Each structure stands twice: as structure tokens, then as C-alpha cells.
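These are the residues of each chain, in order.
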Amino acid sequence: MKKNSLLLLILFLSNSIFAERYSLKTELDQVNFLDQLLNTSENLRLQVIDDFETNQYYVYDPPTPLHQLEVVYKNPRLSFIKEQKRAFELEEVLVSGWGNTKTFDKSLMFYYNVDIPGRQHFRIIPKENIYIYGQPMRYSLWIHSKNYPDKFFLVFKVGSREIKIFVAELNWNGWKRIENQLPKNFTYLPKLNKPPYYYQFRGFFIQTTNNTSVGNREILLDHLLILSNTQKLQYSGSEILDNF
């Protein structure tokens, strides 16, 4: 019964028609749906890529000296929108159950200056390798913006390839929780379990665009989560690494 339910849910998640017709409009809808997915099958796993309670990143080759990266005492629980506050509070329960987070007070703040729009791009890289266990299906991330024209990406290493996943244009004010399925060609799982892992999170990429104003920007990031399917890693002899 669980396998049948999981199969149906995966079909729903991978079906663009379903995503368009039954989009999860609010952050509260998204978190409730995620909770239901995790309760459906033991093969689904929520990986807390980062809770941003500490700064584990650096800015690689910044195009301007005017930038700053640090954790600050701000989070979506301080949002003026009640549904966002409630969604973050429910997500705290999920994150504490699947990770080691004890407090949820901080987020990662990135301050940067844009002098030449369209030619200055920013790359934020983890200080240590972050691997993803299983076959990643969906991601979610809270972002606070102040209506900027820049484009925001997640960067992954898949096998030997580096892939940028477009998340959103930062054209809103306040907090926003973004959740999306990963592209089908991204979620290909190779034969058995290639060591150490086949998927790796490689950070964030901010792309400035032409014909936009110069000036300072400040964004906040919180709760980067990955939903993975571990079913293909559960087989007889899975504890033996496939090194060939």
C-alpha cells in the first residue's frame, strides 16, 4: 500500500499538468504538503542542507569589494504575514526532526553592491562539501528580498557536471518560501551508489541583469531543504560501495 501511494505521489510531483493546476499557493500549503509526503513512505527523506544558524559560506571571486556575508538575527517567524509565520513554525518542527537544529533565530544575510548591472555576478560557495543522499526530487528555500531585478540560482554538482537551477527573480518585498521540483534530467540516478555521493550542493549564484539600476542589495536566506527518494539505494548488498 505504501509503495502504491509513493508511486502516485511521485507521478504527481513529476507531472507538470498537476503542478500547474494544483499549485501550492501559500507557504502553509507547501509545508503541510511536505509533511504529508514524508508521512507517506519511509523511502522519502528530508535533508536539511542548511538552517543558516552559522555561516558556512564565502563569496568566491567577488566582482566588487563592497559585499558582506554573515548570519543575522532575522527569520520568517518575524514576518508580518500570519500564514508565513505559521508555515515557518511548522517547518521548524520538520527541520528539528530531520536535522540537528536546536534554535531557529538566524538567517544568512548577503549584502552586495552592483555598479555594472549585467556584468557583475556573485557566487557563494560552501566552505565544506555538502553531499545529498538518495535521489533528490524537490527543494525549498526561504528568501527575503526588497524587490531586486537580479536572478537567483542554486548550484549543484551532478556527477562531474555543475548545474545551475534557476529559483526566481528577486522581484518581491519581504519573505517568500520557494518550493519546486528538480528537473527530470537532474534527478537521474546512476547505477547503484557512486561514492561518496553522486549529488553535491555547491552554493548559490546571483546574476545581475542589464538595464537595471545600480545600488546596494541585501537578501536573507533560511532553511534550504531537499526532499530525496532513497528507494533505489535500498537493495541487498547496498552497504557495499559500487567502485567500478
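Residues numbered from 1 in each chain as written. Predicted model: local features only at pLDDT ≥ 70, side-chain atom pairs only at ≥ 80, totals over all residues. Heavy atoms only, no water.

Chemist: What exactly am I supposed to notice about unusual backbone geometry here?
Modeler: Trans is the prevailing form of peptide bonds, just as negative phi is the prevailing case for residues other than glycine. Positive phi, close to 60 degrees, is recorded for Phe52, a residue that is not glycine. By secondary structure assignment, the location of Phe52 is in the loop between strand 1 (44–50) and strand 2 (57–60). One non-glycine residue, Asp61, lies in positive phi territory at about 45 degrees. Judged by relative accessible area, which is 60%, Asp61 ranks as exposed. (Helix = DSSP H or I, 4+ residues; strand = E, 2+ residues; numbered from the N terminus. Buried < 20%, exposed > 50% of the residue type's maximum accessible area, 1.4 Å probe, protein only.)

Chemist: What exactly am I supposed to notice about helix 4 (residues 82–98) here?
Modeler: Two residues of an α-helix separated by three or four positions point the same way, owing to the 3.6 residues in each turn. An ideal rise of 1.5 Å per residue puts 24 Å on 17 residues; helix 4 measures up with 25 Å between its terminal C-alpha atoms. Within helix 4, burial applies to Gln84, Ala87, Phe88, Glu91, Glu92, Leu94 and Val95. Check the buried side of helix 4 and you find it contacts helix 3 (27–40), strand 1, strand 7 (135–146), strand 10 (173–181) and strand 12 (215–229). (Expected span 1.5 Å × (residues − 1). Contact = heavy atoms within 4.5 Å.)

Chemist: Where do I start with helix 3 in this structure?
Modeler: In this model, helix 3 (14 residues) spans 20 Å end to end at C-alpha, consistent with the 20 Å of a helix rising 1.5 Å per residue. For helix 3, the full list of buried residues reads Glu27, Leu28, Gln30, Val31, Phe33, Leu34, Leu37, Leu38 and Thr40.

Chemist: How should the confidence of the model for the protein be read in this particular structure?
Modeler: Low-confidence regions, as indicated by low pLDDT, have predicted coordinates that should not be scrutinised in detail. Scored by pLDDT, the protein comes out at a mean of 84, with 80% of its residues at no less than 70. Ranking the elements of the protein by mean pLDDT puts helix 2 (residues 16–21) last, at 43, and strand 4 (residues 107–114) first, at 97. The model gives residues 235–244 a pLDDT under 50, and that stretch makes 15 contacts with residues more than four places away or in other chains. (pLDDT = per-residue confidence, 0-100.)

Chemist: What exactly am I supposed to notice about the packing of aromatic side chains here?
Modeler: Geometry of an aromatic ring pair is reported as the spacing of the ring centres plus the angle between the planes. For the structure shown, the criterion picks out 13 aromatic pairs. With centroids separated by 5.1 Å and ring planes inclined at 90 degrees, the aromatic side chains of Tyr198 and Tyr199 adopt a geometry described as edge-to-face. Under the relative-accessibility criterion, Tyr198 is labelled partly exposed at 22%. With a centroid separation of 5.3 Å and 70 degrees between ring planes, the pair formed by Phe201 and Phe204 is classed as edge-to-face. For Phe204, a relative accessible area of 0% corresponds to the buried category. Clustering of aromatic rings is evident, with ring pairs tying together Phe52, Tyr57, Phe152, Phe156, Phe201 and Phe204. The ring of Phe205 has Lys164 sitting right over it, with the charged end atom 4.8 Å from the ring centre. For Lys176, the ring lying beneath its charged end belongs to Trp172, and the centroid distance is 4.8 Å. (Phe/Tyr/Trp six-rings, centres within 6.5 Å; stacked < 30°, edge-to-face > 60°. Lys NZ or Arg CZ within 6 Å of the ring centre and 35° of its normal.)

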